[in-house]
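Here is how the chains run, residue by residue.
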Amino acid sequence: MILVETPDGRRHEVFIVDYHTHIWRGDRGNWLRPSLAKGWVDCFYDYHKSLSPKEYLWDYETFLYYGTERFIRDVFVDAGVDMAISQPAYLQYFFREPFGNTEEFGKAALAYPERFIVGTRWDPRDGEDGRRQLEHDVKRFRVRPWQMRHVKLYTAEWKDVGGSLSRGWRLDSKEAFEFLEFNKQLGIDIQVPHKGPTVWPLDKDAFDVHDVDDAATSFPDLRFVVTHIGLPRFDDFVWIGKQDKNVYAGLAVATAFIRLRPRYFGQIMAELLWWLGSDKILFGSDYALWHPKWIIEDFIKFELPKDLESEYGVDLSLEVKKKILGENAARLWGIDVEAVRRAQEKDDITLKYGAKPHVVKLSKEHVY
Amino acid sequence: MYMGYPDSPTFLKETVLKALANVLDPELDRPITELGFVRDIKVGDSIEVEIVTSTYWCSPNFIYMILEDARREVSKYVEVPLDRVRVYIRGHFDESRINECVNKGILFNECYREEAWEDLEDLKRIFADKSLRSRLYQLVNVLLRYGLNYEDIVSLRLADIVDEGHRMVVRGRDGIVEISSSTDIKIIRGYINTVKRLAGSTEYLAVWSVNGDRPSIPDIRDLVESRGRLLRFSFNLNSELCSLLLESRLSRGLDS
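To keep things clear, this report deals only with the structure shown in the data block. Sequence order sets the numbering: in each chain, residues are counted from 1 along the sequence as written. Working convention: letters from A go to chains and numbers from 1 go to ligands, in the order in which they are written. Per-residue local features are limited, in this predicted model, to residues with pLDDT of at least 70; the limit for side-chain atom pairs, both in listing and counting, is 80 or more; totals at the level of whole chains, interfaces and linings are taken over all residues. Side-chain numbers here rest on the full set of heavy atoms in the structure, without hydrogens or water.

### As for the overall build of chain A
Selection rule: In this text, helices come from DSSP runs of H or I with a minimum length of four residues, and strands from runs of E with a minimum of two, each type numbered from the N-terminal end. The quantity called the radius of gyration is restricted to C-alpha atoms. Its globule counterpart is 2.2 Å times the number of residues to the power 0.38. Working definition: with a 1.4 Å probe on protein chains only, accessible area under 20% of the residue-type maximum means buried, over 50% means exposed, and in between means partly exposed.
Looking only at helices and strands, chain A has 15 helices and 14 strands in total. A compact globule built from 368 residues should have a C-alpha radius of gyration of about 21 Å, and chain A, at 20 Å, falls within 12% of that. Considered along the principal axes of its C-alpha atoms, chain A spans approximately 65 × 50 × 40 Å. The burial tally for chain A puts 65% of its 368 residues in the buried class.

If you want it as structure tokens, here you go:
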């Protein structure tokens, strides 16, 4: 919880939901194909290093594996996040145990169902086995209505299929549509597509988000949170986000621009507010790629540059920020915020770890 | 044009670099030389160029386009046969396959026979259209500032723009407009060069796609009011992220 104190002395409660967090398994012992696994982790580390403020830089070893304890202290205690959502990319061709996984986050969600929101993933190439696993995971973890309501869909996952390497799949394929249909039966109504660099066939643009458009149009009851605002196809994504009422923008990666490249961040927000509107944008830190503490504090204090504000005719007021920081995700995941707050007051993360509301003061110069 | 190969290696390397300045990263719409992708140039019996990009995971298809273009540009500009120009991607998950295929001059879909159906022409066209439109957006903004309207702009012919070096003269329907701002001249010149490169020779100034189609007035209006700005910004955002990642990557060495 963040309490924003405005110069008139009032305090505004801001409920924070981080739609994009990880407890990943990047440790060396888990590298199945070391060059690929290392290539993956190193790339993540470059993201971390290039946009984090110096005081938030981790050493490489910590970055490889940090576990649930550290997650609790960083995300809930230090940053004041109320609820954190998992977005696992399994990468089973690279790692022994899934890199982003359902197990560790799932255990945490069972222990603290009002803090951790677990989701899983599927892969259309897994067929019947995949459907069984999905059903099993829903049974195990659906301990609250908001648990196991979403899946991360990483379309560039590599997989050994009958002895040959398949380097990705498409969301508009027949097999993927069968899974989407199955999701509806299981009550998994939020899909979080994430494009990666390889998708079959390789001559097509793997980052192209038009297959999301097809799926979103064909399944109007499902919601699609396109993560990383569709980067590197931001232009195509916002167009789709405007057309399809059930397509949302996930800000993970985009938010990290806020400290070192604020002008870029401002323009991202201006474009998204102009095309999609304030109800379809979700805050995410992508922890541990970036620590949510500095991002949240910067975001609350952030002002759209005046020229962008007038050029686009949008505003990023405190009310809009509250939607982006939590209200939109709470609505999407069906979170009963009052019930969650009451439960949080008595859980170990409050009592043992000492999580409490953070006060962020806005000065007279801030516009809110 | 460099004519006297072999000559001083320094001069030759500079010539190679000039050739590489014509190679654009399609996703970023910027020359690979500006992006810091050119890591090494060796000159001898053959010319060798090493390229590095922002991550280990760049899409093989885009890497392929960049390497093919680089090889072609160097061969053309330095006037050496294609088989004496070798280009290599370094620090990429599929580098051995890509480097072998590109330097043998084989097509992408032959190189990735099991994973690709077609060559990269369709994909190139999508990004060439984006590049063209993002520059058309800049051009139209310049011309609007000089008092031309959408109708004037779509009816201008390429021959109506006279480039005199330090100034440009635009022969519009309602008379002559002179442009002397060097920034504006650069934008117009950049646009015209892009059209020539991507769409070949065209009669009209405003070109909507690489096959030479002209934009309608609503197309132009839409471009100016929303889509062009978005397109331009999207390229810039990709470039910025790419530079940040490359800097971090190079600072820790290049093993992955």
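Once you've had a look at it, read on.
### Topic: the nonpolar core
Grouped burial of nonpolar side chains is what soluble globular proteins tend to show. Stated formally: Working definition of a nonpolar core: buried Ala, Val, Leu, Ile, Met, Phe, Trp, Tyr and Cys residues. They are joined through side-chain atoms within 4.5 Å. The criterion used for residue contact is that any of the two residues' heavy atoms lie within 4.5 Å.
Ranked by size, the top nonpolar core spans 124 residues in total, and within it Phe-94, Phe-116, Trp-122, Ile-229, Phe-234, Phe-237 and Leu-272 of chain A carry the most contacts. Tallying contributions element by element places helix α1 (residues 34-51) of chain A first for this core, with eight residues. Setting aside residues no more than four positions away along its own chain, Ile-229 of chain A makes contact with Phe-234, Phe-237, Ala-249, Gly-250, Leu-251, Ala-254, Ile-268 and Leu-272 of chain A. The next biggest cluster of nonpolar side chains, apart from the first, holds 40 residues, and it includes Phe-62, Val-87, Phe-108 and Tyr-112 of chain B.

### Side note on helix α7 (residues 210-218) of chain A
For an α-helix, the turn length of 3.6 residues means that residues three or four places apart are oriented alike. Stated formally: Think of it as the arc spanned by the lines of direction from the helix axis to the C-beta atoms.
Within α7 of chain A, the full set of buried residues consists of Asp-211, Val-212, Ala-215 and Ala-216 of chain A. End-on view of α7 of chain A: buried residues confined to an arc of 135 degrees, all on one side of the axis.

### Thoughts on the state of the cysteines
The cut-off we apply is this: Throughout, a disulfide means two cysteine sulfur atoms within 2.5 Å of one another.
In the structure shown here, the tally under the stated rule is one disulfide over all chains. Here Cys-101 of chain B pairs with Cys-111 of chain B through a disulfide, and the sulfurs are 2.2 Å apart. Measuring the twist about the S-S bond at about 80 degrees, one finds the Cys-101 of chain B-Cys-111 of chain B disulfide to be right-handed. Of this pair, Cys-101 of chain B sits in helix α3 (residues 95-104) while Cys-111 of chain B is found in helix α4 (residues 108-111), placing the two residues ten residues apart along the sequence. Free cysteine Cys-43 of chain A: the closest other cysteine sulfur is in Cys-58 of chain B, separated by 8.4 Å. Cys-58 of chain B takes part in no disulfide bond, and the closest cysteine sulfur to it belongs to Cys-242 of chain B, at a distance of 6.6 Å.

### Details of the pairing of strand β4 (residues 47-51) of chain B
Residue and element names in this part refer to chain B. Basically, it comes down to this: Pairing between two strands is assigned when DSSP locates at least 2 bridges connecting them.
Of all five residues in β4, four are buried; the element is thus mostly enclosed. As defined by bridge partners, strand β3 (residues 38-43) adjoins β4 across five bridges and the pair is classed as antiparallel. In the strand pairing of β4, Asp-40 is matched with Glu-50. Note that β4 and strand β5 (residues 85-89) share five bridges and pair parallel. Residue Ile-51 lies in a different strand from β5, and its bridge partner there is Ile-89.

### Considering the packing of aromatic side chains
Applied cut-off: Side-chain rings of Phe, Tyr and Trp, where Trp is taken by its six-membered ring, are said to pair if the distance between their centres is within 6.5 Å; with planes under 30 degrees apart they count as stacked, over 60 as edge-to-face, and otherwise as tilted.
Within the structure shown, the criterion is met by 47 aromatic pairs over all chains. Aromatic pair Tyr-112 of chain A and Phe-116 of chain A: ring centres 6.3 Å apart, planes at 35 degrees, arrangement tilted. With respect to burial, Tyr-112 of chain A and Phe-116 of chain A carry one shared label: buried. Taken together, a centroid distance of 5.1 Å and an interplanar angle of 65 degrees make the contact between Trp-158 of chain A and Phe-93 of chain B edge-to-face. Taken together, the residues span two chains, with Trp-158 of chain A in the loop between β7 (150-154) and β8 (159-161) and Phe-93 of chain B in the loop between β5 and α3. We classify Trp-158 of chain A as buried; its relative accessible area is 7%.

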